[in-house]
Amino acid sequence: MQPLLLLLALILLPGAKAGKIIGGQEARPHSHPYMAYLQVGSPEDLTSCGGFLVREDFVMTAAHCWGSVINVTLGAHNIRRLERTQQRISVLRAIPHPGYDQQTFLNDIMLLQLRNRIRRNRVVRPVALPNAGEKLRPGALCTVAGWGRVSLDRRTDRLQEAQLRVQSDRKCSRRFSTYSSQTEICVGDPRQRKVAFKGDSGGPLVCNNKAQGIVSYGDSKGTPPEVFTRILSYMSWVKRTMRRFK
């Protein structure tokens, strides 16, 4: 089955709106203070992604969310309003993983160094990252959030969330020929229509208050399970990169 990058098909024209996670619900405003909304510009078009704050000057997202110009909004609930809680910051440096493969989506992780450090407060603060030995087990219940689409004709401007269960690696390796259990996580119960979808790329999978995964890809119909980048597998690269550009 050909996977679909969850960034695709969210072209932001004037007045266009983002959508929501399939099978989710609107999040309580500012209940995910680490969430970032990314406007991504490239020579071809303008798209959007999710991301999440991991330090006062760094946002983590998916490598396939790269663009020549990226602007980050933090502290948002409704991305179409200029809320007083919002902090809008441009990206100084986008650093995709050097091993990212556009064909297989392996190593789909990127760090964004912000031009200015954020003002940390009640509605804008980093999320914790995993420690060594914290590998997720199938059945773990986690949360995903984002401003991505639910379908071509149903959209919303407000942050959506859904609870998803980690699945066995076997369920994704059967669906996606390039799936890697070492660097990816299989997420979403096939019996429930709850998934991240187009435009949710780069958002976090949060389990026990730690970001364990990054929305990467799924199938074109938005049926679970889908694939998240396993953050734990990249922690040495993450720490080394953030030290380098401190």
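Residues numbered from 1 in each chain as written. Predicted model: local features only at pLDDT ≥ 70, side-chain atom pairs only at ≥ 80, totals over all residues. Heavy atoms only, no water.

Identification of the protein chain as Cathepsin G from Heterocephalus glaber is taken from an unreviewed UniProt entry.

Observations regarding the overall build of the protein chain
The following threshold applies: Going along the chain from the N terminus, every DSSP run of H or I of four or more residues is numbered as a helix, and every run of E of two or more is numbered as a strand. Buried residues are those whose accessible area, probed at 1.4 Å on protein chains only, stays under 20% of the maximum for their type, while exposed residues exceed 50% and partly exposed ones sit between those limits. Throughout, a contact is declared for two residues whenever any of their heavy atoms are within 4.5 Å. A 1.4 Å probe and the Shrake-Rupley method give the accessible areas. Residues count as covered only by the protein chains that appear here.
Helix and strand content of the protein chain: two helices and 14 strands. Out of the 246 residues belonging to the protein chain, those deemed buried represent 60%. Sequence separation of at least 24 residues holds for 73% of the intrachain contacts in the protein chain that already meet a minimum separation of 6. As displayed, the protein chain has an accessible area near 11,300 Å², and 46% of this comes from carbon and sulfur atoms.

Observations concerning the nonpolar core
To keep things clear, this is the line we draw: Note on terminology: a nonpolar core comprises buried Ala, Val, Leu, Ile, Met, Phe, Trp, Tyr and Cys residues joined through side-chain atoms within 4.5 Å. As annotated, the domain borders come from an automatic or database domain assignment.
Ranked by size, the top nonpolar core spans 56 residues in total, and within it F52 and M60 carry the most contacts. When residues of this core are assigned to their parent elements, the largest contribution, five residues, is made by strand 3 (residues 35–41). Per-domain counts for this core show at least three residues from each of domain 1 (33–126 + 235–244) and domain 2 (140–233). Listed in part, the 13 residues of the second largest apolar core include A196, L205, C207 and V215.

A short note on the state of the cysteines
Let me state the cut-off plainly: Disulfide assignment relies on a single distance test, namely cysteine sulfur atoms paired within 2.5 Å.
One pass over the full model with this rule turns up three disulfides. Across the disulfide from C49 sits C65; the S-S distance is 2.0 Å. Around the S-S axis, the bridge from C49 to C65 shows a dihedral of about -80° and counts as left-handed. Of this pair, C49 sits in strand 4 (residues 46–55) while C65 sits in the loop between strand 5 (58–61) and strand 6 (69–74), placing them 16 residues apart in sequence. Comparing C49 with C65, the two get one shared label, buried.

Re unusual backbone geometry
Omega for the bond connecting P224 with P225 falls within 30 degrees of zero, at 0°, which places this linkage in the cis form. On the secondary structure map, P225 appears in the loop between strand 13 (210–218) and strand 14 (226–230). In this structure, H30 is a non-glycine residue whose phi angle is positive, near 65°. As for its position among the elements, H30 is in the loop between strand 2 (25–26) and strand 3.

Structural notes on the environment of S68
Within the secondary structure, S68 is located in the loop between strand 5 and strand 6. Taking C-alpha positions, S68 is 5.9 Å from G41, a pair spaced 27 residues apart along the chain.

Topic: the pairing of strand 6
Here is the rule we go by: In short, DSSP must find at least two bridges between two strands for them to pair.
Sheet analysis places strand 3 next to strand 6, joined by six bridges and oriented antiparallel. Looking at strand 6, one finds that G41 is bridged to V69. As paired elements, strand 6 and strand 7 (residues 87–96) share four bridges and run antiparallel to each other. The residue bridging V72 from the neighbouring strand is I89, located in strand 7.

Here we look at the layout of surface pockets
Keep this limit in mind: Every definition here rests on a 1 Å grid over the protein atoms only: cavities are sets of points where a 1.4 Å probe fits but cannot get out, pockets are open sets enclosed by protein on both sides within 12 Å along at least five of seven lines, and lining residues have some atom within 4 Å of a point. Grid points are joined across faces, edges and corners, and a volume is the space filled by probe spheres set on the points. Here the nonpolar group is Ala, Val, Leu, Ile, Met, Phe, Trp, Tyr, Cys and Pro; Asp, Glu, Lys and Arg are the charged ones; every other residue, Gly included, is treated as polar.
In this structure, the second largest pocket occupies an estimated 200 Å³ of space. Taken together, 13 residues line the second largest pocket, and the ones lying closest to its centre are P33, Y34, V127, V206 and N209. Among the residues forming the lining of the second largest pocket, the class breakdown is seven nonpolar, five polar and one charged. Shared between two domains, the lining of the second largest pocket takes at least three residues from each, and those domains are domain 1 (33–126 + 235–244) and domain 2 (140–233).

Brief notes about the sheet that holds strand 8 (residues 110–114)
Within a sheet, neighbouring strands are paired by backbone hydrogen bonds and run either parallel or antiparallel to one another. As a reminder of what qualifies: Lines fitted to C-alpha atoms define the axes here, with helix axes fitted over just the stretch in contact, and angles between the N-to-C directions of these axes take values from 0 to 180 degrees.
The strand order 3-4-5-8-7-6 describes a closed barrel built from six strands, whose pairing is antiparallel. In this sheet, adjacent strand axes meet at a mean angle of 40° when their direction is disregarded. As judged from the four bridges shared by strand 5 and strand 8, these two strands associate in the antiparallel manner. Bridging across to strand 8, F58 finds its partner in Q113. Sheet strands in contact with helix 2 (residues 235–244) are strand 4, strand 5, strand 7 and strand 8, and its direction is about 20° off that of strand 8.

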